[in-house]
Each structure stands twice: as C-alpha cells, then as structure tokens.
Amino acid sequence: MASAAPPTAALVRVQVPAQINLALKVGAPRPDGYHPLATVYQALSLYDQVQAEWAEPDRFEVVVSGEGADQVPLDDSNLAVRAARLLAQRHGPHDSHGASLSITKSIPVAGGLAGGSANGAAALLACAALWDLDVGPEDLRGLAAELGSDVPFALIGGTAVGSGRGEDVAPALARGTYQWVLAFGYHGLSTAAVYRRFDDLSPDAAPPEVPAELMNALRSGDPRLLGAALSNDLQPAALDLQPRLRTVLETGLEYGALGALVSGSGPTCAFLVESESAAVDLSVSLSAEGLCRAVRRATAPVVGARIIN
Ligand code: C5P
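These remarks concern the structure in this document. (Residues numbered from 1 in each chain as written. Predicted model: local features only at pLDDT ≥ 70, side-chain atom pairs only at ≥ 80, totals over all residues. Heavy atoms only, no water.)

### Quick look at the packing of aromatic side chains
Remark: the centre distance and the inter-plane angle together describe each pair of aromatic rings, the angle taken between the planes.
Moving on, step 1. Evaluated as defined, the whole model comprises 2 aromatic pairs.
Moving on, step 2. Pairing Tyr41 with Phe153 gives two aromatic rings, centres 4.7 Å apart and planes at 10 degrees, and the pair type is stacked. Of this pair, Tyr41 sits in strand β2 (residues 37-54) while Phe153 sits in helix α4 (residues 151-156), and the two are 112 residues apart along the sequence.
Moving on, step 3. Overall, the relative accessible area of 0% leaves Tyr41 in the buried class. (Phe/Tyr/Trp six-rings, centres within 6.5 Å; stacked < 30°, edge-to-face > 60°. Helix = DSSP H or I, 4+ residues; strand = E, 2+ residues; numbered from the N terminus. Buried < 20%, exposed > 50% of the residue type's maximum accessible area, 1.4 Å probe, protein only.)

### Notes on the environment of Ser96
Moving on, step 1. Tracing the backbone through its elements, the reader meets Ser96 in the loop between α1 (79-91) and β4 (99-105).
Moving on, step 2. On the basis of relative accessibility, which here comes to 22%, the residue Ser96 falls in the partly exposed class.

### Some words on α1
Moving on, step 1. Here α1 spans 18 Å end to end across 13 residues, near enough to the 18 Å set by a 1.5 Å rise per residue.
Moving on, step 2. Burial in α1 covers these residues: Leu79, Ala80, Val81, Ala83, Ala84, Leu86, Leu87 and Ala88.
Moving on, step 3. At its buried positions, α1 is contacted by β3 (60-66), β4, α2 (115-130) and α3 (137-147).
Moving on, step 4. In this structure Asn78 caps α1, since a side-chain oxygen of it lies 2.8 Å from the backbone nitrogen of Ala80. (Expected span 1.5 Å × (residues − 1). Contact = heavy atoms within 4.5 Å. Polar contact = N/O pair within 3.5 Å; in protein donor to acceptor, adjacent residues only side chain to side chain.)

### Thoughts on α3
Moving on, step 1. The complete set of buried residues in α3 reads Leu140, Leu143, Ala144, Ala145 and Leu147.
Moving on, step 2. For α3, the elements touching its buried residues are α1, α2 and α4.

### Some thoughts on the pairing of strand β6 (residues 168-171)
Taken residue by residue, a regular strand's side chains alternate between the two faces of the sheet.
Moving on, step 1. The sheet contact formed by strand β5 (residues 159-163) and β6 spans 4 bridges and is antiparallel. Bridging from a neighbouring strand, Gly162 pairs with Val169 of β6.
Moving on, step 2. A loop of 4 residues connects β5 with β6, the two strands running antiparallel in sequence, and Gly164 in this loop sits at a positive phi of about 70 degrees. (Pairing = 2+ DSSP bridges.)

### Brief notes about the site of the ligand
Moving on, step 1. Near the ligand the following residues occur: Gly33, Tyr34, His35, Leu37, Gly148, Ser149, Arg165, Thr191, Ala192 and Tyr195.
Moving on, step 2. Within the side chain of Ser149, an N or O atom sits 2.6 Å from an oxygen atom of the ligand.
Moving on, step 3. Taking Arg165, its main chain carries an N or O atom lying 2.9 Å from a nitrogen atom of the ligand.
Moving on, step 4. More than half of the atoms belonging to the ligand lie within 2 Å of the grid points that define the largest pocket.
Moving on, step 5. Here the residues of the shell around the ligand are counted per class, giving 4 nonpolar, 5 polar and 1 charged. (Near = heavy atom within 4 Å. 1 Å grid on protein atoms, 1.4 Å probe; cavity = no way out; pocket = protein on both sides within 12 Å on 5 of 7 lines; lining within 4 Å. Sits in = over half its atoms within 2 Å of the grid points. Nonpolar A, V, L, I, M, F, W, Y, C, P; charged D, E, K, R; others polar.)

### Observations concerning the packing of helix α9 (residues 244-254) against helix α10 (residues 276-289)
Moving on, step 1. It is the contact of α9 with α10, at a shortest axis distance of 10 Å, that shows an interaxial angle of 140 degrees. Here α9 is positioned oblique relative to α10, judged by the angle of their axes. When the axes of α9 and α10 are compared, the crossing they make is right-handed. On α10, the residues that touch Val248, Thr251 and Gly252 of α9 are Leu282, Leu286 and Glu289.
Moving on, step 2. For the contact of α9 with α10, the per-class residue count stands at 3 nonpolar, 2 polar and 1 charged. (Axes fitted to C-alpha atoms, helices over the stretch in contact; angles between N-to-C directions. Parallel < 35°, antiparallel > 145°, perpendicular 65-115°, else oblique. Left-handed = near helix turned anticlockwise from the far one by under 90°.)

### Some remarks on the packing of α1 against α3
Moving on, step 1. With their axes 10 Å apart at the nearest point, α1 and α3 run at an angle of 130 degrees to one another. In terms of their interaxial angle, α1 and α3 are classed as oblique. The chirality of how α1 crosses α3 is right-handed. When α1 is examined against α3, the residues Leu79, Arg82, Ala83, Leu86, Leu87, Arg90 and His91 are found in contact with a partner set consisting of Asp139, Leu140, Leu143, Glu146 and Leu147.

### Brief notes about the layout of surface pockets
Moving on, step 1. Put simply, the largest pocket is a space of about 1,100 Å³.
Moving on, step 2. Along the walls of the largest pocket sit 44 residues, with Leu79, Ala114, Ser117, Asp150 and Thr191 positioned nearest its centre.
Moving on, step 3. Those elements that provide at least two residues to the lining of the largest pocket are β1 (11-26), β2, α1, β4, α2, α3 and α5 (191-201).
Moving on, step 4. The dominant element in the lining of the largest pocket, judged by the number of residues it contributes, is α5, at 5 residues.
Moving on, step 5. The class makeup of the residues in the lining of the largest pocket is 19 nonpolar, 18 polar and 7 charged. (Points joined across faces, edges and corners; volume = space filled by probe spheres on them.)

### Topic: the nonpolar core
Moving on, step 1. Counting residues in each nonpolar core, the largest one holds 69 residues, and the members touching the most others are Leu22, Leu87, Leu101, Trp131, Trp180 and Leu226.
Moving on, step 2. Ranked by the residues each element gives to this core, the list is headed by α2, at 10 residues. (Core = buried A, V, L, I, M, F, W, Y, C linked by side-chain atoms within 4.5 Å.)

### Details of the side chain of Ser100
Moving on, step 1. Relative to the assigned elements, Ser100 resides in strand β4.
Moving on, step 2. One polar contact links Ser100 to Glu61, side chain to side chain, over a distance of 3.3 Å.
Moving on, step 3. Contact partners of Ser100, with chain neighbours within four places excluded, come to Gln51, Ala52, Glu53, Trp54, Ala55 and Glu61.

### So, the sheet that holds strand β7 (residues 178-184)
Moving on, step 1. An order of β9-β10-β7-β11 is seen for the 4 strands of this open sheet, with the pairing classed as antiparallel. With partners counted over all chains shown, the strands left at the sheet margins are β9 (259-262) and β11 (294-300), one partner each. Taking each pair of neighbouring strands and ignoring which way they run, the sheet shows an average axis angle of 25 degrees.
Moving on, step 2. Both β7 and strand β10 (residues 269-273) contribute to a ladder of 5 bridges, which runs antiparallel. Across the sheet, Trp180 pairs through a bridge with Leu272, a residue of β10.
Moving on, step 3. Taken strand by strand, α9 contacts β7, β9 and β10, and its axis lies near 10 degrees from that of β10.

Have a look at this one:
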C-alpha cells in the first residue's frame, strides 16, 4: 500500500470545551424528526483533549481514556472517528488519509454537556491541521453540522445563539465571566429518549424563541439577572426520567446558587453562582450531600476547539 503524503505535523492536539444551554426552547418535531430549537449556548472551562496522529491511508482508529472512557464506543460510530472520516472523504485526495485518534475525557459521557459533539469538533480541527488541508472555518462548520446539532458550537465556543436544530450558530452579545458548578449524575441520559419524553409531555409545543430576558441579562453581565433567566424546555422530561435530579437542583438553590438548571438533555445539573469562592463553597456542600457522582467548577464563556501544541 502506498504510504501517505509526508506529514506536515506528526501529531496535533486539540482542546475542546463542554457546553451548556443557558436557554433551550424546543418546538414540536419537524418532518425529519428533529426538533426546532431556539437556544443560547455557553462554552465551559471543562475540556476534553483529542490528539490526532498520522495513520496508514484509510485507516481510522481511536483510543479513549479519562472520565467515562469505558462508555465511549471505539468503532466507526465514535463521533471523532466519524468526523475524521467525513473530513477525509470530502477534502482528502482519494483515500490517502488516515488518523490515529486519542481522546482524553473530562466531560462526562451522556451527561448533557455535549461531550461527544465536542470530540467530533476537535477531531475535525485536529485532522484538518494534521493533514494540512485547505479548509476554512465555514467548511469545518458545514461538516460539523452534518455530524450533529451541537457540533458547530463546539468549534466556535463563547456564547452563541443556536437555531434550526441547534446547528445554525451566531455569536451572542454577552458581557462578563460566569462561575458555574456542575453536578454529574450517577447514570447518563440518552438525548433521543429525553426528546421522546418531551414529545409525550408537550404535544402542543409552540415554535421556539430565544427569551429576551436572557439576552438582556447577558448584555448586562449581571450573574443575578442571568441566574433568574435560565430555562430549559427539556428539564421536565429529564426530571421525569430521573426524578432525583429535582432534589439536586433544589439543594443547590438552598445552598445559595443564583440559578440552576438541567444541562441540555441532562443529567448534569448546572448551578450559576456569584463568585469563585461561592463556587468552592457550593462544590463542597453538594459533594457532602452525596446526591451526585462528582462535582466540578467551571468558568464561562471560553473559546471553542483550539490547537494546543
Ligand atoms: O444532532 P444529534 O445527533 O446530536 O442529536 C442526537 C439526538 O437528539 C437525535 O437523534 C434526536 O433524537 C435528538 N435531537 C432532536 N432535535 C434536535 C437535536 C437533537 O430531536 N434539535
């Protein structure tokens, strides 16, 4: 077999953030089964790393370590592998590219923090650099949208409004840095299952709109206003599937969080707090309650996927 073109880089490492939805408004399913969304994403300082190295042409492999690694598929269904293959098909000359991927996870699997999407976005960026492809940000965003609804946002990061099925992203006018505390659930939730439960609970969902209150809060940079404006239409469905999450949310608010919500399709619960010291205090209190598997602190917004070597 012919060997691949001489590598311009032997190895590329990309860091990619987790994401939460500050607002997630969901409409009734479209004919293609997806739900129309009006959402506001924010990227958090909780990162996975994806490393790409040259492999023989048309050979794609992945290893995974870290948080929840044993739950991540290692076959062609892995979103990072799908991303690398898609990029090679569309932009690589005649099956001449392959990649050996290594994912180090801190973002919980099936946690509602778009960890899989983050890995797909990171693999796109890493392989584009590894193979020295002539692809621009718009090309990558188009491929990202094909891979999944949350993948384009993982490329841009920051704070952004998402529409369509979530894949159509535009940066939002937002001030300030926010302190978050994340409570990881004991068991994951399937995004598709949460959307199905949403359909059962909300058969007459209205066309979604981004709440003006949230956009005003982001423009003000005031965490108290933001805390009061957080909302997630998927939260009742996630609480229906995992009722104990209600106790987690209530406990965080009792300990002084400015706002609390289930992140995306859950089960991670996200708490907005006033300051870094409030984040430390809430982390200690939530950990002591034993209601969740682990507690992490994060600041937001942070930039999207970026090369770190
Ligand atoms: O787009 P992605 O593959 O990340 O979505 C995972 C699942 O979540 C989809 O298969 C679908 O069931 C559900 N989903 C949805 N509407 C959206 C986004 C996701 O129904 N806007």
